[in-house]
Every structure is written in structure tokens, then in C-alpha cells.
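# An overview of the molecular structure
For reference, the chains in residue letters:
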Amino acid sequence: MTTELILVGGGLANCLIAYRILMERPNFPLLVVERGASLGADHTWSFHDSDLTANQRRWMEPLIAHRWSSHELRFPGRRRTINDGYNSVTSERLHRVVAAALGDRMRLGTEVAKVGTNAILLSDGEHIEARAVIDGRGDPGGNHLDIGYQKFLGLFVRLAEPHGLIAPILMDATVEQVDGFRFVYTLPFSDTEALIEDTYYADEPDLDRNRLRSRIEDYAEKQGWAIAAITGEEAGVLPIVLGGDIDAFWAVGSERVARSGMRGAFFHPTTGYSLPEAVRLADEIAAIPDLESASLFELTRRRSGELWRRTGYYRLLNRMLFRAAEPELRYRIFERFYGLSEGLIRRFYAGRLKWIDKARVLIGKPPVPVHRALRCFAENRGPRSTLSSSNGGIQ
Ligand SMILES: Cc1cc2nc3c(=O)[nH]c(=O)nc-3n(C[C@H](O)[C@H](O)[C@H](O)COP(=O)(O)OP(=O)(O)OC[C@H]3O[C@@H](n4cnc5c(N)ncnc54)[C@H](O)[C@@H]3O)c2cc1C
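The notes below deal with the structure included here. (Residues numbered from 1 in each chain as written. Predicted model: local features only at pLDDT ≥ 70, side-chain atom pairs only at ≥ 80, totals over all residues. Heavy atoms only, no water.)

### Focus on the overall build of the protein chain
We count it as follows: Strands are runs of DSSP state E lasting at least 2 residues, helices are runs of H or I lasting at least 4, and numbering of each runs from the N terminus. Only the C-alpha atoms count toward the radius of gyration. The rule for a globule is 2.2 Å times the residue count to the power 0.38. Here's how the labels work: a residue is buried when its accessible area is under 20% of the maximum for its type, exposed when over 50%, partly exposed in between, all with a 1.4 Å probe on protein chains only.
Along the backbone of the protein chain there are 12 helices and 18 strands. Taking 21 Å as the expected radius of gyration for a compact globule of 395 residues, we find that the protein chain reaches 21 Å, a close match to that expectation. Across its three principal directions, the C-alpha atoms of the protein chain cover 60 × 50 × 40 Å. Taken over 395 residues, the protein chain has a buried fraction of 57%.

### Topic: the packing of aromatic side chains
Applicable threshold: The rule is short: rings of Phe, Tyr and Trp, with Trp giving its six-membered ring, pair when the centres are within 6.5 Å, and they are stacked under 30 degrees, edge-to-face over 60, tilted in between.
The tally for this structure, following the rule as stated, stands at 19 aromatic pairs. With a centroid separation of 6.0 Å and 70° between ring planes, the pair formed by W250 and F297 is classed as edge-to-face. Highlighted residues: W250 in helix α5 (residues 246–251) and F297 in helix α7 (residues 293–310), separated in sequence by 47 residues. Exposure class is identical for W250 and F297. Each is buried.

### Quick notes on the side chain of T271
What counts here: Note on contacts: a residue pair qualifies if any of its non-hydrogen atoms lie within 4.5 Å across the two residues.
Topologically, T271 is positioned in the loop between β18 (258–259) and α6 (275–286). When neighbours within four sequence positions are excluded, T271 is seen to be in contact with Q150, Y201, L238, I240 and Y349.

### Some points on empty space enclosed by the protein
Put simply, the rule reads: Only protein atoms enter the 1 Å grid used here, on which a cavity is any set of points holding a 1.4 Å probe that cannot leave and a pocket is any open set flanked by protein within 12 Å on both sides along at least five of seven lines; residues with an atom within 4 Å of a point are listed as lining. Grid points are joined across faces, edges and corners, and a volume is the space filled by probe spheres set on the points.
Counted under the stated rule, the structure contains three cavities of 30 Å³ or more. Looking at the largest cavity, its volume works out to about 360 Å³. Together, 29 residues line the largest cavity, and H48, H268, T271, Y273 and Y349 are the ones closest to its centre. Contributions of two or more residues to the lining of the largest cavity are made by β3 (44–48), β13 (145–159), β14 (169–172), β15 (181–188), β16 (193–202), α6, α7 and α10 (342–350). Considered as a void within the structure, the second largest cavity measures approximately 90 Å³ in volume. In terms of lining, the second largest cavity is formed by L145, V241, I246, A265, F267, P269, S304, L307, W308, T311 and R315.

### Some details on the packing of helix α1 (residues 12–24) against helix α3 (residues 91–102)
Condition: Axis lines are fitted through C-alpha atoms, for helices just across the contact stretch, and the angle between N-to-C directions can take any value from 0 to 180 degrees. Between 65 and 115 degrees an angle is taken as roughly perpendicular, under 35 as roughly parallel, over 145 as roughly antiparallel, and anywhere else as oblique. In this scheme the crossing of two helices becomes right-handed for a clockwise turn of the near helix relative to the far one and left-handed for an anticlockwise turn of less than a right angle. Side-chain classes are defined by residue name, with Ala, Val, Leu, Ile, Met, Phe, Trp, Tyr, Cys and Pro counting as nonpolar, Asp, Glu, Lys and Arg as charged, and the others, Gly among them, as polar.
Relative orientation of the contacting elements α1 and α3 amounts to 45°, with a least axis distance of 10 Å. The angle between α1 and α3 falls in the class oblique. With respect to the hand of their crossing, α1 and α3 are arranged in left-handed fashion. Note on element contacts: α3 touches α1 through L94, V97, V98, A101 and L102, opposite L12, C15, L16, A18, Y19 and L22. Within the contact of α1 with α3, the residues separate by chemical class into 11 nonpolar, no polar and no charged.

### Re the sheet that holds strand β11 (residues 127–129)
For clarity, the cut-off: DSSP bridges decide pairing: two strands pair if at least two such bridges lie between them.
An order of β9-β10-β11 is seen for the three strands of this open sheet, with the pairing classed as antiparallel. With partners counted over all chains shown, the strands left at the sheet margins are β9 (112–115) and β11, one partner each. When the angles between neighbouring strand axes are averaged without regard to direction, this sheet yields 20°. Two strands pair when backbone bridges link them, and β9 and strand β10 (residues 119–122) are joined in this way by three bridges, in the antiparallel orientation. Across the sheet, the residue bridging to K114 is L121, located in β10.

### Some details on the environment of D124
Using the following cut-off: The term polar contact refers here to a pair of N or O atoms within 3.5 Å; inside protein, the definition further demands a hydrogen-donor-capable atom paired with an acceptor-capable atom, and it admits residues adjacent in sequence only when both atoms are side-chain atoms.
Take D124: it is sitting in the loop between β10 and β11. Each C-alpha atom of the pair D124 and E111 lies 8.1 Å from the other, and the pair is 13 residues apart in sequence. Of the polar contacts made by the side chain of D124, one reaches the backbone nitrogen of E126; its length is 2.9 Å.

See below:
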């Protein structure tokens, strides 16, 4: 059977696109090509109930490995429980569910060397053609976005005794503030199993893994949690966008190849999280009756531009966080934010702030010096890219 659609990279975004298309058209001839040994690498992706619609939560259900009905925030001057459900998708679950739907329509351990509008070239020289290609190879790098970082190291731990948590702690910022805004994120998977992540909103992307491991161990000890075993580890350095040039970002490489996930800048500017946008894109692509390269490119390019324009306000807040606040006082911005209404907080993470929400976030005594806050209102466009020359649509 001829391949209709090639999904380059079997990460979160392309797995969701494939899975969603196959829900509607189980026999659709697509192909996922992933260089790793399994789909989705080694991540735990979480999202709030309110990030998605009821229908989206329904189709995501088989991928959810853990669910809690609320979550907690802790700051020096505020402790709060928010009654919004929180969900985690593990790569293990993603692989199991999506691989079963794909059957022989996936190639693992396969490196793609070049990506074109209607074909890919594998590193072993094999050439595969299709009516459309979606590039989901993750963050393309480059310097067209002005970014800070959300970086973290997480340890999966088994404890000697139950931890006593009933809900995740999304931010425990009562810890020492070093390297920017620091907090610990804890997902309690069972009474004695948890993922504990030491997280920083920092100017630099470097991760000192040994230091972070020992900070997590110190944190666990202070909570009274005796670690019996460390069963795994995950680390991430996610972009927090302060400004930049989305056109230049898209101009790198072949201009006409559709993109998904981080490759297409489909992520939340303030968290670097991409799952909700990946779900939305999967829904939209699966609804297209005729999947072909030109219209898929137009769709992903247009959606990415719209997301960029819609999220200018988030980039302003990010600039206030990174440029107006002293690094060790950045936590105050989040502490103040978490004093606002639950509805507003939900809309913030879902990327659906109303104008009145935007005003509420900014009104009042700012937790940063006013003169520095005012300077953040101007958004610089990043350096313009040099357009790469076309080579038959293959990059
Ligand atoms: C540890 C970690 C935790 C995160 N947690 C969350 C979270 O809780 N919630 C959330 O919304 N976001 C989270 N994110 C952020 C973001 O959602 C993830 O980075 C997400 O995986 C991005 O999806 P993607 O499909 O764009 O890229 P990826 O999931 O990174 O997928 C890209 C895939 O392409 C493959 N690939 C790359 N090059 C080639 C090639 N040449 N040939 C073949 N295959 C190739 C890679 O092996 C990879 O599997 C997290 C990120 C990390 C790193």
C-alpha cells in the first residue's frame, strides 16, 4: 500500500497525530519513523483537565497513566489547593497504546537524514515517498527566539514509608531560591512512589545533574520521606519565550514542510509545555479529509503564527519574570499569580485568558520594580534568519 502520510519523529506530537487519525480511519496508510528504540523517548507529560475540552480528554484517556482530582502550590507566603484535575501521560503508556494502533506502520531505530514535502531520505540511503510529510523532530534549535529556560531534573523514587500526599505539588517554592525561580514539583504515583523534580526558571540552560540530585535528596529528607530506591530519572530544558521572530523560526530549512510539536513552536510560552497544543493540532489534522503536503503545511504554518500572535501577553509576562525581577525574587511573581481566582489560573495554563484576566494579572502593586516592568512592554523581534536555499524540498 502506498504511504499517504509520513510522520518524522515518533515523539509526543506525531504520536498524537497518528493516534487521532487512526481513531477516525483505522486503515489509513501512514508511517511513523523514529530513531529511538521506542515511541516518546523517556518523558512524563502532564496537563490540567482544563487545558483540554471534554472530548479531547475522552480520546486522550487511554494514554493517561495517572490522574489526580486536584493539585497543590506552596510559596513562602501562600499555600493553596486548586480543584482542577491533573493528568500524566508516560512514554511507556504512549508507546504501548500508539504502537498497538500503528502495528507495522512504524519504523523504530530509523534515523531520517532529510525531510522533504513529499519524501524522506533515511540515513541508510532509503528514500520513501508520500502525499504528505509532517516534521516532528523536536526543537529545531537556532537563535530566532529570545528565550529563558525552565530546566529540571526529576528522580523517580520509591520511599520506605508512604509520603502522605493525596495530590501533586506543582510548585513548592518554599525551597532556597537559587539559579532563578526554583521550585520542587512532586507527582505522587502511589503511596510510596513519586517523581520529584528540582526545577528552575533560569537564564542559562546548563544542568548540574549531581547537584540537582543531591538537592532532591535533601528535599525528600526535609519532607520526612526516606528514599528506599531511585528507580529512574528524567531531565528537561524547555524554552520560555521572551520574544523573537516566528517567521524567521519557520524560514529555517525547507519552507513548505508541515511541522508539529516543538518543531513548529506549538508550546505554551510560560511553561514550555506542548501537550495541549499537540492535542489540538492532532484534532485539527485528523479532521482533514484529504491529507496532502501543501494544505498541511499551510495549516501548521498558519496555526503556529496565530498561536504566536495570541500569546504576546505571555511573552510580556515572561520578560517581566526574567528581566524585571531579580532572579532570587522571581518566585514572588508566581506567588502573587496564585492568589488570583481559580478560573483565571485555569485559563492562563489553557492559553485562553480574557482581556479582563490580563488586566487582573497586571493590576495592583507589581512584585517587580515599576520602571523595569515598563521596559518589558516592548517586544524585540529576534535576528532575521538567512533563508536556506531550496533543494527540491528536502532538508
Ligand atoms: C523530561 C521532559 C518532561 C516534559 N514534561 C512535560 C509536561 O509535563 N507537559 C507538557 O506539556 N510538556 C512537557 N515537556 C515539554 C514538551 O511537551 C516535550 O518536550 C514534548 O516531548 C515535545 O513533543 P515533540 O513531539 O515536539 O518532540 P519530542 O517528543 O521530543 O519528539 C521528537 C522525536 O523525534 C525523534 N527524532 C529527532 N530527530 C530524528 C531523526 N532525524 N530521525 C528520526 N527521529 C528523530 C526523537 O527521537 C523524538 O522521539 C517535557 C519535556 C521534557 C524533556
